[in-house]
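Each chain is listed here by its residues.
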Amino acid sequence: MPRNRFGEHHTFLPLRAQLSFEEIERFVRACLPLGLTKVRITGGEPLLRPNVPALVQRLSALGIEIALTTNASLLKKQAPLLAEAGLDRVTVSLDALDPQTHASMIDSAIPVETVLEGIEAALENDLGPVKVNCVVQRGINESEVPALVHHFRGTGVIVRFIEYMDVGRTNGWSPEQVIPSMSLLGELQREFDLVPAEQTSPSDVATRWAHSDGSGEIGFISSVSEPFCGGCVRARLSADGHLFTCLFASGGHDLRAIIHDDGEVEDMTNAIVAVWSRRMDIYSEMRSSDTSSLPRIEMSYIGG
Ligand SMILES: C[S@@+](CC[C@H](N)C(=O)[O-])C[C@H]1O[C@@H](n2cnc3c(N)ncnc32)[C@H](O)[C@@H]1O
């Protein structure tokens, strides 16, 4: 949430508006008959919410994969508890190793060392494969890309370079800020011997490349230059009970009444089907058409 856009008097979501862990679990249960196999806990910053391991424990007991995306500011301390609760994997956001570039991009005083310690703790607690997300912005952090590849080579950590997206309205996005993945790959190939690696699943959003000597892999998420709307199977539930069928949606479907109601899980499943079966979102494939003037949900609200 850029400070210069949201300001110090921004009204945050009141705590009473947040779904309880029990309500989140019921929602996830309602998705199981629809083929749900994986849940990612994101944010905002998910580890700021007290007792996230308790949520992980509830969800992992449902027999699905549980992943978490975090800025790692609180990960070192929480990694053992999260692992014990049944968390499978962690993705950490890290856009630069250079302290100044990192500080300016995250607009916070969290030191790079803290993030690296968090990644280390995730590795030590088997929360892998640990992935690092680096959003690349032209003129801001592209020089950090080779440094990140060097740093994590041979560690088992997979760095994924994400094209800077026009999520929300407050990040001041313009197409000139996007560096296409293919151009980044070309630059990296001057320095590293990278070979294409097999895709793990059709819904995998990253294109995988491996160091030819087996010392690790990297990935590219080309959401702007090569949109993958056709293969997207992600539904997003906001902290206050709205269901979003696209990261770029103008609004969510308000399911609060049915989530708060202590009724049959089957009724919630039917409500989700009603929303999902009408889904027509192909925003990234239509980018630059008329939809670019519509309101859009902020990344800080929906979590990437
Ligand atoms: C919004 S964050 C939320 C979770 C957590 N607070 C964190 O920092 O990882 C989720 C992911 O979205 C990515 N992201 C944020 N803004 C983006 C943008 N404009 N384009 C592409 N990815 C973005 C971040 O790098 C991060 O990995």
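Bear in mind the structure is a predicted one, so any value in this text is a computation, not a measurement.

Caption draft 1: Structural context of the overall build of the protein. The number of helices and strands found in the protein is 12 helices and 11 strands. For the protein, the C-alpha radius of gyration of 19 Å lies close to 19 Å, the compact-globule estimate for 304 residues. C-alpha atoms of the protein, sized along the principal axes, occupy 60 × 50 × 45 Å. Here the protein, with 304 residues, has 43% of them falling under the buried criterion. Contacts spanning at least 24 positions in sequence make up 69% of the contacts within the protein whose residues lie at least 6 apart. Carbon and sulfur atoms make up 53% of the accessible area of the protein, which amounts to about 15,400 Å² in all.

Caption draft 2: Local environment of a negative patch on the surface. Taken together, the side chains of Glu-22, Asp-261, Asp-262, Glu-264, Glu-266 and Asp-267 present a region of like negative charge at the surface. Looking at where Glu-22 falls in the secondary structure, it is placed in helix H2 (residues 21–31). We classify Glu-22 as partly exposed; its relative accessible area is 47%.

Caption draft 3: A look at the site of the ligand. In the vicinity of the ligand lie 17 residues, with Gly-44, Glu-45, Ser-93, Asn-133 and Met-165 positioned nearest. Residue Asn-133 places a side-chain N or O atom 3.0 Å away from an oxygen atom belonging to the ligand. At 2.8 Å from a nitrogen atom of the ligand is found a main-chain nitrogen or oxygen belonging to Met-165. Here the ligand loses 84% of its free accessible area of 550 Å² to cover by the protein chains. Elements with a contribution of two residues or more to the shell around the ligand: strand E2 (65–70), strand E4 (131–136) and strand E5 (158–163). Within the shell around the ligand, the residues separate by chemical class into 5 nonpolar, 10 polar and 2 charged.

Caption draft 4: Molecular detail of the sheet that holds E2. Reading across the sheet, the 8 strands line up as E1-E2-E3-E4-E5-E8-E7-E6 and stay open at both edges, with mixed pairing between neighbours. Unpaired on one side and paired on the other, strand E1 (38–41) and strand E6 (194–196) mark the two borders of the sheet. Taken over all neighbouring pairs, the strand axes of this sheet differ in orientation by 25° on average, direction set aside. Pairing of E5 with strand E8 (residues 217–221) involves 4 bridges; the strand directions are parallel. When the bridges of E8 are listed, Ile-162 appears paired with Ile-221.

Caption draft 5: The nonpolar core, seen in detail. Within the largest apolar cluster, 62 residues are counted, with the highest numbers of intra-cluster contacts made by Leu-75, Ile-119, Phe-161 and Leu-188. Per element, the largest residue contribution to this core is 6 residues, and it comes from H2. In contact with Phe-161, not counting residues within four places along its chain, are Cys-134, Val-136, Val-145, Leu-148, Val-149, Leu-184, Leu-188, Ile-218, Gly-219, Phe-220 and Ile-221. Formed by 10 residues, the second largest nonpolar core is a distinct cluster that contains Phe-244, Ala-249, Ile-297 and Ile-302.

Caption draft 6: Highlighting the side chain of Arg-160. Here Arg-160 is to be found in strand E5. Buried within the structure, Arg-160 lacks any salt-bridge partner; Asp-204 is the closest side chain of opposite charge, at an N-O distance of 5.0 Å. Here the side chain of Arg-160 touches Asn-133 through a polar contact of 3.1 Å, side chain to side chain.

Caption draft 7: The environment of Thr-207, seen in detail. Secondary-structure assignment places Thr-207 in strand E7 (residues 207–211). Thr-207 gets classed as partly exposed once you look at its relative accessible area, which sits at 35%. Distance in space between the C-alpha atoms of Thr-207 and Glu-25 is 32 Å, their sequence separation being 182 residues. Setting aside anything within four residues of it in sequence, one finds Thr-207 in contact with Gln-199, Ile-218, Gly-219 and Phe-220.

Caption draft 8: Summary view of empty space enclosed by the protein. According to the stated counting rule, one finds 1 cavity of 30 Å³ or more in the structure shown. Looking at the largest cavity, the residues that line it are Val-149, Phe-152, Arg-153, Gly-154, Val-157, Val-159, His-211, Ser-215, Gly-216, Glu-217 and Ile-218. If you list the elements that add at least two residues to the lining of the largest cavity, you get helix H7 (144–152) and E8. Taken together, the residues of the lining of the largest cavity break down into 5 nonpolar, 4 polar and 2 charged.

Caption draft 9: View of the sheet that holds strand E11 (residues 253–254). Spatial ordering of the open sheet is given by E9-E10-E11, a layout of 3 strands whose pairing is antiparallel. The sheet is open, and its two borders are formed by strand E9 (236–237) and E11, each paired with just one other strand.

Caption draft 10: Summary view of the pairing of E8. Among the 5 residues that make up E8, 5 are buried, leaving the element largely enclosed by the rest of the structure. The alternating pattern of E8 places Glu-217, Gly-219 and Ile-221 and Ile-218 and Phe-220 on opposite faces, both of which are buried. In this structure, E7 lies alongside E8, joined through 4 bridges in antiparallel fashion. When the sheet's bridge partners are listed, Ala-210 is paired in E8 with Glu-217. Taking the residues between adjacent antiparallel strands as the criterion, E7 and E8 are bridged by 5 residues, where Gly-214 takes a positive phi near 80°.

Reading guide: rules and limits
- Residues numbered from 1 in each chain as written.
- Predicted model: local features only at pLDDT ≥ 70, side-chain atom pairs only at ≥ 80, totals over all residues.
- Heavy atoms only, no water.
- Helix = DSSP H or I, 4+ residues; strand = E, 2+ residues; numbered from the N terminus.
- Rg over C-alpha atoms; globule rule 2.2 N^0.38 Å.
- Buried < 20%, exposed > 50% of the residue type's maximum accessible area, 1.4 Å probe, protein only.
- Contact = heavy atoms within 4.5 Å.
- Areas by Shrake-Rupley, 256 points an atom, 1.4 Å probe, with all protein chains shown as cover.
- Patch = residues over 30% accessible without salt bridge, like charges linked within 9 Å, V, L, I, M, F, W, Y side chains within 5 Å.
- Salt bridge = Lys/Arg side-chain N within 4 Å of Asp/Glu carboxyl O.
- Lys, Arg positive; Asp, Glu negative; His and termini not counted.
- Charge placed at Lys NZ, Arg CZ, Asp CG, Glu CD.
- Near = heavy atom within 4 Å.
- Polar contact = N/O pair within 3.5 Å; in protein donor to acceptor, adjacent residues only side chain to side chain.
- Nonpolar A, V, L, I, M, F, W, Y, C, P; charged D, E, K, R; others polar.
- Pairing = 2+ DSSP bridges.
- Axes fitted to C-alpha atoms, helices over the stretch in contact; angles between N-to-C directions.
- Core = buried A, V, L, I, M, F, W, Y, C linked by side-chain atoms within 4.5 Å.
- 1 Å grid on protein atoms, 1.4 Å probe; cavity = no way out; pocket = protein on both sides within 12 Å on 5 of 7 lines; lining within 4 Å.
- Points joined across faces, edges and corners; volume = space filled by probe spheres on them.

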